[in-house]
Amino acid sequence: METFIIVTYCASDDARKILGIVDDPQTNVGIAQIMTTIIVAAKYFGGNHKLAQEFLHEHKYFHYKLSASRFNRRVHAMSERYFHELMIHFGRYAKMANTSYEYAVDSFPIRFCENIRISRNKLFDPKRFRGFIASKRC
């Protein structure tokens, strides 16, 4: 977990520098810290930002913790470009970490592709993704 948090912070800060985003000098919590908190919350705390913030503060990763309201406002003030750049950095880190070049594909059927839901499906082509699950007889 510690390595993940450190790599997440480094990638967030790199994305901030590439985009030329400068944190306000009066700010106690930078944009890289907010992004790290969001990603840690998604991975370890079921998307609960408050729990992630408390964890990162209690374990001395970050020295300052924002209120829930201020944190939410800062999250919604970030541009989509920042998120896109951050995902590019995570992709680069994943490529550098994967030295074996072996990948696994999960082919487990998705619930909304079942025949009963296929007519309401707006994401996939119904003819191409219609399937049969022998073990469930559907």
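Worth saying up front: this structure is predicted, and the values here are computed from it rather than measured.

A.B. asks: Kindly report on the packing of aromatic side chains, identifying the contributing residues and their values.
C.D. replies: Under the criterion given, the structure shown has 5 aromatic pairs. Between phenylalanine 4 and tyrosine 44 the ring centres are 5.6 Å apart and the planes differ by 85°, which places this aromatic pair in the edge-to-face class. On the criterion of sequence distance, the pair formed by phenylalanine 4 in helix 1 (residues 2-19) and tyrosine 44 in helix 2 (residues 31-44) is long-range, its members being 40 residues apart. Given the relative accessible area of 26%, phenylalanine 4 is considered partly exposed. Where tyrosine 9 meets phenylalanine 62, the ring centres are 6.0 Å apart and the plane angle is 55°; that geometry is what we call tilted. One end of the pair, tyrosine 9, is in helix 1; the other, phenylalanine 62, is in the loop between helix 3 (49-58) and helix 4 (68-77), and 53 residues separate them in sequence. Take phenylalanine 62: its relative accessible area is 10%, and that puts it in the buried class. Here the basic side chain of lysine 43 rests over the ring of phenylalanine 4, its NZ or CZ set 5.2 Å away from the ring centre.

A.B. asks: Which residues make up the packing of helix 1 against helix 5 (residues 80-97), and what values do they have?
C.D. replies: The N-to-C vectors of helix 1 and helix 5 enclose an angle of 125°; their axes lie 9 Å apart at closest approach. With respect to each other, helix 1 and helix 5 are oriented oblique. Relative to helix 5, helix 1 is oriented so that their crossing is right-handed. Here Val7, Thr8, Cys10, Ala11, Ser12, Asp14, Ala15, Arg16, Ile18 and Leu19 of helix 1 lie close against helix 5, whose contacting residues are Arg81, Tyr82, Glu85, Leu86, His89, Phe90 and Tyr93. Classifying every residue of the contact of helix 1 with helix 5 gives 10 nonpolar, 3 polar and 4 charged.

A.B. asks: Give me the lowdown on the nonpolar core, citing residues and values where you can.
C.D. replies: Residues Ile34, Met35, Ile38, Met78, Tyr82 and Leu86 are the most contacted members of the largest nonpolar core, which totals 17 residues. If one sorts the elements of this core by residue count, helix 2 sits on top with 6 residues. Ignoring anything within four residues of it in the chain, the contact list for leucine 86 reads Ala11, Ser12, Ala15, Met35 and Ile39. The next biggest cluster of nonpolar side chains, apart from the first, holds 7 residues, and it includes Val40, Ala41, Phe55 and Phe62.

A.B. asks: Explain helix 3 to me, and be specific about the residues and the numbers.
C.D. replies: When we look at burial in helix 3, the residues that qualify are Ala52, Gln53, Phe55 and Leu56. Projected onto a plane normal to the axis of helix 3, the buried residues spread over an arc of 165° and lie on a single side. In helix 3, those exposed residues whose orientation departs by more than 90 degrees from the buried face are Lys50 and Glu58. Those residues of helix 3 that are buried lie in contact with helix 1, helix 2 and helix 4. The backbone nitrogen of lysine 50 has a side-chain oxygen 3.1 Å away, supplied by the residue at the start of helix 3, namely asparagine 48. In the segment just after helix 3, lysine 60 is the residue with positive phi, at about 65°.

A.B. asks: I'd like a description of the confidence of the model for the protein chain, backed by residues and values.
C.D. replies: Note: predicted coordinates in regions of low pLDDT should not be interpreted at a detailed level. Looking at the protein chain as a whole, its pLDDT mean stands at 81, while 75% of the residues score no less than 70. The lowest-confidence element of the protein chain is helix 5, averaging 79 in pLDDT; the highest-confidence one is helix 3, averaging 93.

Conventions we followed
- Residues numbered from 1 in each chain as written.
- Predicted model: local features only at pLDDT ≥ 70, side-chain atom pairs only at ≥ 80, totals over all residues.
- Heavy atoms only, no water.
- Phe/Tyr/Trp six-rings, centres within 6.5 Å; stacked < 30°, edge-to-face > 60°.
- Helix = DSSP H or I, 4+ residues; strand = E, 2+ residues; numbered from the N terminus.
- Buried < 20%, exposed > 50% of the residue type's maximum accessible area, 1.4 Å probe, protein only.
- Lys NZ or Arg CZ within 6 Å of the ring centre and 35° of its normal.
- Axes fitted to C-alpha atoms, helices over the stretch in contact; angles between N-to-C directions.
- Parallel < 35°, antiparallel > 145°, perpendicular 65-115°, else oblique.
- Left-handed = near helix turned anticlockwise from the far one by under 90°.
- Contact = heavy atoms within 4.5 Å.
- Nonpolar A, V, L, I, M, F, W, Y, C, P; charged D, E, K, R; others polar.
- Core = buried A, V, L, I, M, F, W, Y, C linked by side-chain atoms within 4.5 Å.
- Arc of directions from axis to C-beta.
- Polar contact = N/O pair within 3.5 Å; in protein donor to acceptor, adjacent residues only side chain to side chain.
- pLDDT = per-residue confidence, 0-100.

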